[in-house]
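# Breakdown of the fold
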Amino acid sequence: MEKSGIGPWVVSELDHEFYVPDYIEQIAQEVLQSYDLSVQSRQVVTTKPDKGGAIWKLETKSGPKSLKLLHRRPTRSLFSLGAQEYLVNVKKARVPAIIQTKDGQNYVEAGGKLWFVAEWIEPLAPVSKDLEGAKQLCYALGEFHHLSKGYVPPQQAEVASRLHKWPKSYKKMIEKMEWFRTIATAYQEMPASPHLLNTVDEFKEQAKRGFDRLNQSHYFELAAKGNEYWGLVHQDYGWSNGQMGAEGMWIIDLDGVAFDLPIRDLRKLISGTMADLYRWDAQWVREMIRSYHEANPISAELYEILMIDLSMPNEFYKNIKEVVYEPELFLNEETTQLIQTIVDTDQSKWPVLEEIQHDWEKGGYE
Amino acid sequence: MKVLMICTEKLPVPPVLGGAIQTYIEGILPFLKKEHDITVLGVSDPSLPDEETLDGIHYVRVPGKVFEIYRESVVRYIEAHPFDLIHIFNRPRLVLPVRQAAPLAKITLSMHNDMFHPEKMDPQEAENVIQEVSNIVTVSDYVGNVISDLYPQAAAKVRTIYSGVDTNRFLPGHHPKMQKIRQEIRRANGLENKTVILFAGRLSRNKGVDQLVRALPELAKKFKDLALVIIGSRWFSQNDVNDYIAYVRALAKRLPVPVVTTGFVAPDEIQNWFAAADLFVCTSQWQEPLARVHYEAMAAGLPIVTTARGGNSEVIVPRENGLVVENPEDPNEFVAQIAQIISDRSLMKKMGEKGRELAVSRYEWNRVASELLDVWTHAQQAEHEQTHQEYAVEPLQQHTAVELEEADLNQEESKTEQKNKRKEKGRKRKGTLQADRPAKQEQNSTGEHVSASEPKRKKTLEEKQPNSPAAANHKSLVLSSSSYELPVFPRRKGKGSNDKPFRAFIIGK
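This structure is a prediction, so every number in the text was calculated from the model and none was measured. (Residues numbered from 1 in each chain as written. Chains lettered and ligands numbered in written order. Predicted model: local features only at pLDDT ≥ 70, side-chain atom pairs only at ≥ 80, totals over all residues.)

### With respect to the overall build of chain B
Put simply, the test is: The way it works is that DSSP assigns letters per residue, a run of H or I at least four long becomes a helix, a run of E at least two long becomes a strand, and they are numbered from the N terminus. A residue pair is marked as a contact if its C-beta atoms, positioned from the backbone, fall within 7 Å.
Broken down by element type, chain B carries 15 helices and 14 strands. Restricting to contacts in chain B with at least 6 residues of sequence separation, those with at least 24 account for 68%.

This is the structure:
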């Protein structure tokens, strides 16, 4: 099993939801031998079969722990593990502490992947699904970003940084709008194709305007400040990866962290939350930004980037991009409806962005 | 001379897995070994021994795949094995570590891609690299010009050596050796009586085959009996289909002409597909250094339509052996150029013949080898430059992401990521705040969990994992978290200095 390495697995209809192949369970067993833990039980709590990742909850004599099989390349995982260690040990962040192996390592390498054990935080509860909860999430996110500054990855780790990649990402979004148009043209007879063709140009224009604004903004100066200056983004932050514990908000699931301008996490949280509301709401957006700003101050230049990123057709892109995989299935009635919802929600976005556009020019909330 | 040739960390030599640089090395080795004692240092591969001597060439294969690990392996090897000249392929970032390990060796460098760009290499390091190497050979004027434009002091050291092709292997379809193969391939794939347009290359945005696919509906209106052959290894892949490949596949499905997709073709069989084709199209959208398929197409006697990007057009004599598309972002330009060739059968034939003639007269491997030998001789004769320079850079301290030449491999989103999301489609679309809960997670207690959660806010433009084909091989890597010591370089002493200042860092554990 060592030879082939751990990879994705297929879950058949007959398997239970958290099925993990035997050979991986066997490796998990071996991995645990490296720890000075008296494990009473081990239970799979979540899996990523398509990538080859899994998490077990361990009950041990020293309390509950999590055992995590990281699906990413080991050198990439080293980056995230180093970040987690830095946040806990140096910055005392509320992030689960990594349990060391018998010989003092943060991880075990087995099956070509990295494994590690961390504290299982209890109790932990999601914050409320309202503006108050959203604000708590934003404040905790700001704290996280603030504490992650100064992280220097271990020498052997790949340096995961998106800091300089914004123009490229924007450009790709523009380019892919063209793909969507081409696909919809090639699959004209599908129900959603006319709707996609009717809307894609407008979203492409939005993306182009965002791209131009980015190029004229202070982005390049900001990016030039470098990875250590800005610190890490979580990349998968929301109501489940930020949760309330006994002494405050905890941030979990750090394995996707990367260097970037921090407001990208905030932008995703805002645009995702507005999509959930089916409309943009100036009060929500303002208060979310304000909460974040209290924990990790946003400069006028950075606010400008946040405004630009919010103006990108993020939701349209995120939801439509899978059209390339199976257009003959994707371009169905359901997608017609989806496009309509996105267009409707998008219409409420512009007045809100207009309204908050100049908040920081008046000195912001400082 | 005792010469060490250092390949890249990605693919092994001989090119059992293909690769332009690997093919290049294989092509010139038979000539180089006659003049020098050659060791080829490259990345290990399960199908090849870690050390062997074959046909008088010594091969050493060390752990790699990831640059940092490879660098460590390379330095360790050089510390234990002295060479007169070390030739590094396409990894300028190896130069300073190699210089530390081999203070007196001559170092020459081959550049197959733009690796000197400031975002790929710290300018201070780049200047030191240029200082340290005797010569830099490039695969096209384009690649050399980019370096010289960035660093004018490099100009005197830069020289273009165009790559080559085995003209005994790549032969026109009408050649007695190929006639049968051509017929067989065409029969087996329903290409008899078709005008076969061939694309060979990575399926990526940079290589741009989508533009050719988009050009075909228009071409099909003008010409009957067209067919398209796409040689690209990941076409049929289930697990590794990124958004781009999916996009091209979706378009190809709707084409009015037959599309033959080969999937992976063993490097030693590719010539058969060239022999089966009638026209070669290169669709590069990026500043392509100079794709080797041009030489192969010429040798196979195929007229070429290529793009005015990077060095591609340097090997095209317009209307002699091919045509150049000035604006490759416009499928209509491909329509125009391809139509021009296909509509004139005598031009088509003439271009093919001219291509073959150029390949045989200019682009044989022996010419490549002799030019490289010439460079080595010059390097050997040149006085070792005394730099007396204290390097302030920290070449082993890496604070920027490693950029590899095939960077676009990393840009597309992986299929698995997409697949994951499709599974969550229903939930995702009807997203409410509630849908954001972890599916089966206990409500009040959660530990480190793989983000099965957050389906709604999942990844818009975020991190795309370099979906390294090598990922599966990482189990053999030693992943120590120990760091290189003393990243600051010591003062360089002049030639003959004997106080061994160069063992300044210890690699690994």
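### Thoughts on the overall build of chain A
Our working definition: This radius of gyration counts C-alpha atoms alone. The globule rule is 2.2 Å times how many residues there are, raised to the power 0.38. Put simply, a residue is buried when 20 or more other C-beta atoms lie within 10 Å of its own C-beta and exposed when 12 or fewer do; between those, it is partly exposed, and each C-beta is set from the backbone.
Counting its regular elements, chain A contains 13 helices and ten strands. Taken over C-alpha atoms, the radius of gyration comes to 22 Å for chain A, in line with the 21 Å a tight globule of 366 residues would show. Overall size of chain A, expressed as C-alpha extent along the three principal axes, is 60 × 55 × 40 Å. Out of the 366 residues in chain A, the part that is buried amounts to 54%.

### Here's the deal with the nonpolar core
Side chains of nonpolar character tend, in soluble globular proteins, to be buried together. Put simply, the rule reads: As used throughout, a nonpolar core is a set of buried Ala, Val, Leu, Ile, Met, Phe, Trp, Tyr and Cys residues joined through C-beta atoms within 7 Å of each other.
Core analysis: the largest hydrophobic core is formed by 242 residues, its most contacted members being Leu198 and Ile338 of chain B. Those residues in contact with leucine 198 of chain B that sit more than four places away from it in its chain are Val229, Trp273, Phe274, Ala277, Leu279 and Phe280 of chain B.

### Overview of the domain arrangement of chain A
All names here are of chain A. Counted only if it meets this: Residue ranges labeled as domains rest on an automatic or database domain assignment. For this scheme, ten residues count as nonpolar: Ala, Val, Leu, Ile, Met, Phe, Trp, Tyr, Cys and Pro. Four count as charged, namely Asp, Glu, Lys and Arg, and the remainder, Gly too, count as polar.
Structurally, chain A comprises domain 1 (22-119) and domain 2 (131-356). Here the C-alpha centroids of domain 1 and domain 2 sit 29 Å apart. Residues that form the side of domain 1 that touches domain 2 fall into these classes: nine nonpolar, five polar and four charged.

### Considerations on the domain arrangement of chain B
Residues and elements named next belong to chain B. Partitioning chain B into domains gives domain 1 (2-164 + 366-381) and domain 2 (179-363). Contact residues are listed per partner, giving 16 residues for domain 1 and twelve residues for domain 2. If you list the elements that add at least two residues to the side of domain 1 that touches domain 2, you get helix H1 (20-32) and helix H5 (141-150). The biggest single contributor to the side of domain 1 that touches domain 2 is H5, with three residues. Residues belonging to the side of domain 1 that touches domain 2 are distributed by class as follows: six nonpolar, seven polar and three charged.

### Brief notes about the sheet that holds strand E6 (residues 106-111) of chain B
What links the strands of a sheet is backbone hydrogen bonding, and the strands pair in either a parallel or an antiparallel sense. Residues and elements named next belong to chain B. Short version of the rule: Any two strands with at least two DSSP bridges between them are considered paired. Only C-alpha atoms enter the line fits that serve as axes; for helices the fit covers just the stretch in contact. Angles between N-to-C directions range over 0 to 180 degrees.
The eight strands are arranged E3-E4-E2-E1-E5-E6-E7-E8 in an open sheet whose pairing can be described as mixed. Single-partner strands in this sheet number two, and they are strand E3 (51-54) and strand E8 (158-160). Strand-to-strand twist in this sheet, taken as the mean axis angle between neighbours without regard to direction, amounts to 20°. Pairing analysis gives three bridges linking strand E7 (residues 135-138) to E8, with the strands arranged parallel. Pairing of threonine 138 across the sheet is with threonine 160, part of E8. Across the sheet, helix H2 (residues 67-80) touches strand E1 (2-6), strand E2 (37-43) and strand E4 (57-62), and the angle it forms with E4 is around 135°.

### A closer look at the packing of H1 of chain B against helix H13 (residues 365-381) of chain B
All names here are of chain B. Note the following rule: By definition in this entry, angles of less than 35 degrees are roughly parallel, angles greater than 145 are roughly antiparallel, angles of 65 to 115 are roughly perpendicular, and the rest are oblique. Note: crossing handedness is left-handed where the near helix turns anticlockwise from the far helix by less than a right angle, and right-handed where it turns clockwise.
Two elements in contact, H1 and H13, have axes separated by 8 Å at closest approach and are oriented at 65°. Our classification of the angle between H1 and H13 gives roughly perpendicular. The element H1 and its partner H13 pack so that their crossing is right-handed. Residues Gly27, Ile28, Phe31 and Leu32 of H1 form the contact with H13, whose participating residues are Trp365, Asn366, Val368, Ala369, Ser370, Leu372 and Leu373. Among the residues making up the contact of H1 with H13, the classes are represented as eight nonpolar, three polar and no charged.

### Structural notes on the sheet that holds strand E10 (residues 226-231) of chain B
Residue and element names in this part refer to chain B. Within the open sheet, the six strands sit side by side as E11-E10-E9-E12-E13-E14. Their pairing is parallel. The outermost strands of the open sheet, each flanked by one partner alone, are strand E11 (259-261) and strand E14 (322-325). For this sheet, the mean angle separating the axes of adjacent strands, direction not counted, is 20°. As defined by bridge partners, strand E9 (residues 195-200) adjoins E10 across six bridges and the pair is classed as parallel. Within the sheet, the bridge partner assigned to threonine 195 lies in E10 and is leucine 226.

### Let's talk about helix H10 (residues 300-311) of chain A
Residue and element names in this part refer to chain A. What counts here: An expected span of 1.5 Å times one less than the residue number is assigned to each helix.
The terminal C-alpha atoms of H10, which comprises twelve residues, lie 17 Å apart, in line with the 16 Å expected from a rise of 1.5 Å per residue. Buried within H10 are the following residues: Leu302, Tyr303, Glu304, Ile305, Leu306, Met307, Ile308, Asp309 and Leu310. Buried-residue contacts for H10 involve helix H5 (193-216), helix H6 (219-224), helix H8 (263-277) and helix H13 (333-356).

### Considering the packing of helix H3 (residues 131-148) of chain A against helix H9 (residues 282-295) of chain A
Residue and element names in this part refer to chain A. With their axes 7 Å apart at the nearest point, H3 and H9 run at an angle of 35° to one another. Classified by chirality, the crossing of H9 by H3 is right-handed. For the pair H3 and H9, contact is made by Leu131, Ala134, Lys135, Cys138, Tyr139, Leu141, Gly142, Glu143 and His146 and by Trp284, Glu287, Met288, Ser291, Tyr292, Glu294 and Ala295, respectively. By residue class, the composition of the contact of H3 with H9 is nine nonpolar, three polar and four charged.

### Describing H5 of chain B
Listing the buried residues of H5 of chain B in full gives Tyr142, Val143, Gly144, Val146, Ile147 and Ser148 of chain B. Those residues of H5 of chain B that are buried are in contact with E6, E7 and E8 of chain B.

### Points about the pairing of E10 of chain B
Residue and element names in this part refer to chain B. Inclusion rule: For a crossover, the right-handed case is the one in which the path from the first strand over the helix to the second runs clockwise, viewed with the strands pointing away from the viewer.
Among the six residues in E10, six count as buried, and that is most of the element. Burial of the side chains of E10 extends over both faces: Leu226, Leu228 and Ile230 are buried on one face and Ala227, Val229 and Ile231 on the other. As for the winding sense of the linkage, the β-α-β connection from E9 through helix H7 (residues 209-222) to E10 is right-handed. Bridging between E10 and E11 involves three bridges; their strand directions are parallel. For valine 229, the partnering residue across the bridge sits in E11 and is valine 260.

### Some remarks on the pairing of strand E1 (residues 39-48) of chain A
All names here are of chain A. The pairing of E1 with strand E2 (residues 53-60) spans eight bridges and is classified as antiparallel. Each residue of the ladder has a partner; that of serine 41, found in E2, is glutamate 59. Counting the residues in the hairpin turn of E1 and E2 gives four residues, including glycine 52, whose phi is positive at 90°.

### Concerning the environment of tyrosine 162 of chain B
Along the polypeptide, tyrosine 162 of chain B turns up in the loop between E8 and helix H6 (179-188). Placed 140 residues apart in sequence, tyrosine 162 of chain B and glutamine 22 of chain B show a C-alpha to C-alpha distance of 15 Å.

### What to know about the environment of leucine 85 of chain B
Residues and elements named next belong to chain B. Looking at the secondary structure, you find leucine 85 in strand E5 (residues 85-89). Residue classification places leucine 85 among the buried residues on the basis of 21 C-beta atoms within 10 Å. Here the alpha-carbon distance between leucine 85 and lysine 2, two residues 83 residues apart in the chain, equals 6.6 Å. If near-sequence neighbours (up to four positions away) are discounted, leucine 85 is found in contact with Met1, Val3, Ala105, Lys106, Thr108, Trp376, Ala379 and Gln380.

### Overview of unusual backbone geometry
Here glutamate 122 of chain A and proline 123 of chain A are connected by a cis peptide whose omega angle stands at -5°. Mapped onto the secondary structure, proline 123 of chain A falls in the loop between strand E6 (113-119) and H3. Cis peptide bonds are those with omega within 30 degrees of zero, and the linkage from valine 13 of chain B to proline 14 of chain B qualifies with -5°. Residue placement: proline 14 of chain B occurs in the loop between E1 and H1. The backbone of lysine 92 of chain A sits at a positive phi, close to 55°, despite the residue not being glycine. You can see lysine 92 of chain A is positioned in the loop between helix H2 (74-90) and strand E4 (98-99). With a phi close to 60°, aspartate 253 of chain A is a non-glycine residue in the positive phi region. Assignment of secondary structure puts aspartate 253 of chain A in the loop between strand E9 (249-251) and strand E10 (258-259). What makes aspartate 253 of chain A buried here is the crowd of 29 C-beta atoms within 10 Å.

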